[in-house]
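Residue strings, one per chain:
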Amino acid sequence: SGAVTVMDAGAVNRALARICYEIIERNEGLGNLVVVGIRTRGAHLAQRIAARLSEIEGTRVPCGELDITLYRDDLDPNEQPTPAKGPVVHGTNLPESLAGSTVVLVDDVLFTGRTTRAALDAIMDDSRPDRILLAVLVDRGHRELPIRADFVGKNLPTSLDEAVDVNVSEVDGEDLVSIRKV
Ligand code: 5GP
Ligand code: MG
């Protein structure tokens, strides 16, 4: 069986636009807001959100990124990703001190919550923001930690034998979210 489209480019764009207005509403403007994306695709979505927020409010919204993967890719290149190893933070590129700021953390898919948890640790190691909010394009369920997103593009109930493919134009040449059996 093939992949089923769940968000086309228009749906992705509208979801990101809505999330931007929700962020503005929640923060009563954009004072001290910093957007931080999780590489790879979350960082591209974060750049788009920061750019759109800057455009809407006429202020510069800084954007940074965190490099977190679900496996150690620094050892054996033939080694397969093993979620049981847990997410590993490879690097951070945060715009400035986050002290006193509201951080909007951005990722493409929220699943167990372990990547978010690693991101929260990395951010708190760096400095102490006033508040951290979470925005995801897709929430596919199956949380293993008490983590929830503040802003969700689409809630997508999935079974564990399904995979969600998130394509973003910056990497994949088009914006498309689809779901398929694995
Ligand atoms: P979690 O740590 O919540 O289990 O998984 C979230 C992270 O893994 C995100 O950074 C996301 O990119 C990736 N991920 C987990 N499940 C999926 C999925 O079904 N599809 C895609 N595209 N990414 C996923
Ligand atoms: Mg990811």
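Residues numbered from 1 in each chain as written. Chains lettered and ligands numbered in written order. Predicted model: local features only at pLDDT ≥ 70, side-chain atom pairs only at ≥ 80, totals over all residues. Heavy atoms only, no water.

1. What to know about the pattern of salt bridges
In this structure the tally under the stated criterion is 14 salt bridges. The shortest N-O distance in the salt bridge between Arg 148 and Asp 150 comes to 2.7 Å. Assessed through its relative accessible area of 57%, Arg 148 is described here as exposed. One network of salt bridges, in which partners are shared, links Arg 26, Arg 148 and Asp 150. (Salt bridge = Lys/Arg side-chain N within 4 Å of Asp/Glu carboxyl O. Buried < 20%, exposed > 50% of the residue type's maximum accessible area, 1.4 Å probe, protein only.)

2. Focus on the confidence of the model for the protein
Considering every residue of the protein, the mean pLDDT works out to 91; 91% of them sit at 70 or more. Of the two predicted TM-score estimates for the complex, the pTM is 0.93 and the ipTM is 0.99. (pLDDT = per-residue confidence, 0-100.)

3. Some points on helix α2 (residues 41-57)
Between its first and last C-alpha, α2 extends 24 Å over 17 residues, near the 24 Å set by a 1.5 Å rise per residue. The complete set of buried residues in α2 reads Gly 42, Ala 43, Leu 45, Ala 46, Ile 49, Ala 50, Leu 53 and Ser 54. Next to the buried residues of α2 lie α1 (9-27), β2 (33-38), β3 (63-69), β5 (102-110) and β6 (131-139). With its phi angle positive at about 70 degrees, Gly 58 sits one or two positions after the end of α2. (Helix = DSSP H or I, 4+ residues; strand = E, 2+ residues; numbered from the N terminus. Expected span 1.5 Å × (residues − 1). Contact = heavy atoms within 4.5 Å.)

4. Overview of the site of ligand 1
Surveying the vicinity of ligand 1 reveals the residues Leu 70, Asp 107, Asp 108, Val 109, Phe 111, Thr 112, Gly 113, Arg 114, Thr 115, Arg 140, Val 164 and Val 166. Within the contact set of ligand 1, an oxygen atom lies 2.7 Å away from a side-chain nitrogen or oxygen of Asp 107. One of the side-chain N or O atoms of Arg 140 is found 2.9 Å from an oxygen atom in ligand 1. The protein chains hide 82% of the 490 Å² of surface that ligand 1 would expose on its own. (Near = heavy atom within 4 Å. Polar contact = N/O pair within 3.5 Å; in protein donor to acceptor, adjacent residues only side chain to side chain. Areas by Shrake-Rupley, 256 points an atom, 1.4 Å probe, with all protein chains shown as cover.)

5. Let's talk about the sheet that holds strand β1 (residues 4-7)
By definition, the strands of a sheet pair up through backbone hydrogen bonds, in either a parallel or an antiparallel sense. The strand order β1-β9-β8 describes an open sheet built from 3 strands, whose pairing is antiparallel. Across the chains shown, the open sheet's two edge strands, defined by having one partner strand only, are β1 and β8 (162-167). Averaged over all adjacent pairs, the angle separating strand axes in this sheet is 30 degrees, with direction ignored. Inspection of the sheet shows β8 paired to strand β9 (residues 176-181) by 6 bridges, in the antiparallel sense. Looking at β9, one finds that Glu 162 is bridged to Lys 181. (Pairing = 2+ DSSP bridges. Axes fitted to C-alpha atoms, helices over the stretch in contact; angles between N-to-C directions.)

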